[in-house]
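Here's the letter readout for the chains.
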Amino acid sequence: MPAITCIDDLKRLHERRAPRMFFDYCESGSWTEQTFRENTTDFADIRLRQKVAVNMEGRTTKSQMIGQDVAMPVALAPVGMTGMQCADGEIKAARAAEKFGVPFTLSTMSICSIEDVAEATTKPFWFQLYVMRDKDFVAGMIERAKKAKCSALVLTLDLQILGQRHKDLKNDLNAPPRLTLKNLLNLATKPQWCLGMLGTKRRTFRNIVGHAKGVQNLNSLMSWTAEQFDPRLDWDKIRQIKDMWGGKLILKGILDAEDARRAADFGADAIVVSNHGGRQLDGALSSIRMLPEIVRAVGDKTEVHLDSGIRSGQDVLKALALGAKGTYIGRSYIYGLGAMGEKGVTKALEVIHKELDISMALCGERDVNNLRRDNVLIPSGYFDAYH
Ligand SMILES: Cc1cc2nc3c(=O)[nH]c(=O)nc-3n(C[C@H](O)[C@H](O)[C@H](O)COP(=O)(O)O)c2cc1C
């Protein structure tokens, strides 16, 4: 086993161990992938301010997100088809998050169902909802999330219509993969993955199959999802969902100060500044570039969280310094999962935690909650380069 020192090491192992179509599904953005690339390069353009002769003892990365204690302000983002990166992927990721003390968010488009994850964990997790046209299905999902004692609903607002990802079309992405000659040749090089999948019954979208009207098998599922994302989602519908849910509500996918103000006035417990990891509007600015303007717009009316592009603890530090109260990682933990299952997710969290802790100390800070604008150095024109 090679030494794993950074998230990139996990990514290389993920690429080797997971079937090509699932690695590509993770490692792609929409169209030209400009936004996907800039999510990470924009983080790299921000630098950290080194401070010396400051007592570094007694450091803490503990904080809170929506009033819940977290070992560090880094949650696992909702990621569809996680259970195809390795068998029972959602259960493994949720267990790793629980042991580490950070929130896990289960996607609507997961392979393991809400009930599967609830059964395999002991603490509440968060549930991410996509709004579908089928009202009964949405109401049913909310009821199931309540029954499973999920402690927050993450409502995703930036995917009512799908941004095109070229690789998914070329690979004919499916769960489980269709057994074509090309796929069989690729699967033959992934014995560990195949063994894992043979050993589980969870191989399709279990939140949906058997729960949505008329969806009993893969064919009906594919046509159902293609038609179901509701393009008429608006603030009235978001209000209905808020009332139905009645608990903590996080609005995900906000990238604009006006939208952020609206979400804060609406009474969201938190908003997630996000461009869906560069998978939706190609050409949108990176989340980190939009963060300070959004933080200013909402003031202290709601908590501001951020995702898209975080690949290290230094990135987390930069987001917190620029005003985020919490962050989420998507690909960074999926690489770990595809590389080594639950152990890999734990490794990803350990890597990010260590980077955050040590970098924070070298910036002269002992408490993650004290990070502020002073801790980072920003190139001139960075935040007002685009109008
Ligand atoms: C493979 C993949 C699948 C995703 N599926 C979902 C999903 O089902 N629901 C959702 O709200 N966001 C989804 N996202 C977006 C993530 O929640 C998150 O916004 C994004 O991964 C953050 O960017 P990062 O991967 O650079 O950390 C997905 C992201 C990836 C990479």
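Model, not experiment: these values are computed from the prediction. (Residues numbered from 1 in each chain as written. Predicted model: local features only at pLDDT ≥ 70, side-chain atom pairs only at ≥ 80, totals over all residues. Heavy atoms only, no water.)

**Comments concerning the sheet that holds strand 10 (residues 303-306)**
- In spatial order, the strands read 4-11-10-9-8-7-6-5; together these eight strands make up an open sheet with parallel pairing. What marks the edges here is a single partner per strand, and that holds for strand 4 (74-76) and strand 5 (105-106).
- The pairing of strand 6 (residues 126-129) with strand 7 (residues 152-156) spans four bridges and is classified as parallel. Of the residues in strand 7, the one forming a bridge with Trp126 is Ala152. (Pairing = 2+ DSSP bridges. Helix = DSSP H or I, 4+ residues; strand = E, 2+ residues; numbered from the N terminus.)

**A few points about the packing of aromatic side chains**
- Going through the model one piece at a time under the given rule, you end up with six aromatic pairs.
- Relative to Trp224, the ring of Phe137 lies with its centre 4.9 Å away and its plane at 75°, an arrangement referred to as edge-to-face. Of this pair, Phe137 sits in helix 7 (residues 135-147) while Trp224 sits in helix 11 (residues 218-228); the two residues are 87 residues apart in sequence, bridging distant segments of the chain. Here the two residues Phe137 and Trp224 agree in accessibility, since each one is buried.
- Pairing Tyr382 with Phe383 gives two aromatic rings, centres 4.8 Å apart and planes at 90°, and the pair type is edge-to-face.
- If you follow Arg279 out to its NZ or CZ, it ends over the ring of Tyr25, 4.8 Å from the centre. (Phe/Tyr/Trp six-rings, centres within 6.5 Å; stacked < 30°, edge-to-face > 60°. Buried < 20%, exposed > 50% of the residue type's maximum accessible area, 1.4 Å probe, protein only. Lys NZ or Arg CZ within 6 Å of the ring centre and 35° of its normal.)

**Brief notes about the site of the ligand**
- Taken together, 22 residues sit near the ligand, with Pro78, Ser107, Thr156, Asp307 and Gly309 positioned nearest.
- Here a nitrogen atom of the ligand and a side-chain polar atom of Lys252 are 3.0 Å apart.
- Side-chain polar atom of Arg311 to an oxygen atom of the ligand: 2.9 Å apart, as the coordinates give it.
- With the chains in place, 99% of the 600 Å² that the ligand exposes on its own is no longer accessible.
- For the shell around the ligand, a count of residues per class yields seven nonpolar, ten polar and five charged. (Near = heavy atom within 4 Å. Polar contact = N/O pair within 3.5 Å; in protein donor to acceptor, adjacent residues only side chain to side chain. Areas by Shrake-Rupley, 256 points an atom, 1.4 Å probe, with all protein chains shown as cover. Nonpolar A, V, L, I, M, F, W, Y, C, P; charged D, E, K, R; others polar.)

**Quick word on the pattern of salt bridges**
- As enumerated under the stated definition, the model contains 23 salt bridges in all.
- Of the charged contacts in the structure, one is a salt bridge between Lys167 and Glu33, with a shortest N-O distance of 3.7 Å. You can see Lys167 sitting in helix 8 (residues 166-171) and its partner Glu33 sitting in the loop between helix 2 (20-26) and helix 3 (34-45), a full 134 residues away along the chain.
- Between Asp136 and Lys213 there is a salt bridge; the shortest N-O distance is 3.3 Å. Of the two residues, Asp136 sits in helix 7 while Lys213 sits in the loop between helix 10 (191-198) and helix 11, which places them 77 residues apart along the sequence. (Salt bridge = Lys/Arg side-chain N within 4 Å of Asp/Glu carboxyl O.)

**A closer look at the packing of helix 13 (residues 257-266) against helix 14 (residues 287-298)**
- It is the contact of helix 13 with helix 14, at a shortest axis distance of 9 Å, that shows an interaxial angle of 35°. Where helix 13 crosses over helix 14, the two elements pack in a sense that is right-handed. Facing Ala257, Ala260, Arg261 and Ala264 of helix 13, the residues of helix 14 in contact are Glu293, Ile294, Ala297 and Val298.
- When its residues are assigned to classes, the contact of helix 13 with helix 14 shows six nonpolar, no polar and two charged. (Axes fitted to C-alpha atoms, helices over the stretch in contact; angles between N-to-C directions. Left-handed = near helix turned anticlockwise from the far one by under 90°. Contact = heavy atoms within 4.5 Å.)

**Points about the side chain of Arg279**
- By the secondary structure assignment, Arg279 is in the loop between strand 9 (270-273) and helix 14.
- Despite being buried, Arg279 has no salt bridge partner; Asp168 is the closest side chain of opposite charge, sitting 4.8 Å away.
- Beyond its immediate chain neighbours, meaning those up to four positions away, Arg279 contacts Tyr25, Cys26, Ser28, Gly29, Ser30, Gly163, Arg165 and Arg331. (Lys, Arg positive; Asp, Glu negative; His and termini not counted.)

**Side note on the packing of helix 15 (residues 313-321) against helix 16 (residues 331-362)**
- Where helix 15 meets helix 16, the axes come as close as 7 Å, and the angle between the chain directions of the two elements is 60°. Between helix 15 and helix 16, the interaxial angle falls into the category oblique. As for how helix 15 packs across helix 16, the hand of that crossing is right-handed. Contacts between helix 15 and helix 16 involve Gly313, Gln314, Val316 and Leu317 from the former and Ile352, Glu355, Leu356, Ser359 and Met360 from the latter.
- Of the residues assigned to the contact of helix 15 with helix 16, the class counts are five nonpolar, three polar and one charged. (Parallel < 35°, antiparallel > 145°, perpendicular 65-115°, else oblique.)

**Regarding helix 1 (residues 7-17)**
- For helix 1, every residue scored as buried is listed here: Ile7, Asp9, Leu10, Leu13 and His14. For helix 1, the angular spread of buried residues about the axis comes to 150°, placing them on one side.
- Looking at the buried residues of helix 1, the elements they touch are helix 2, helix 4 (82-85) and helix 16. (Arc of directions from axis to C-beta.)

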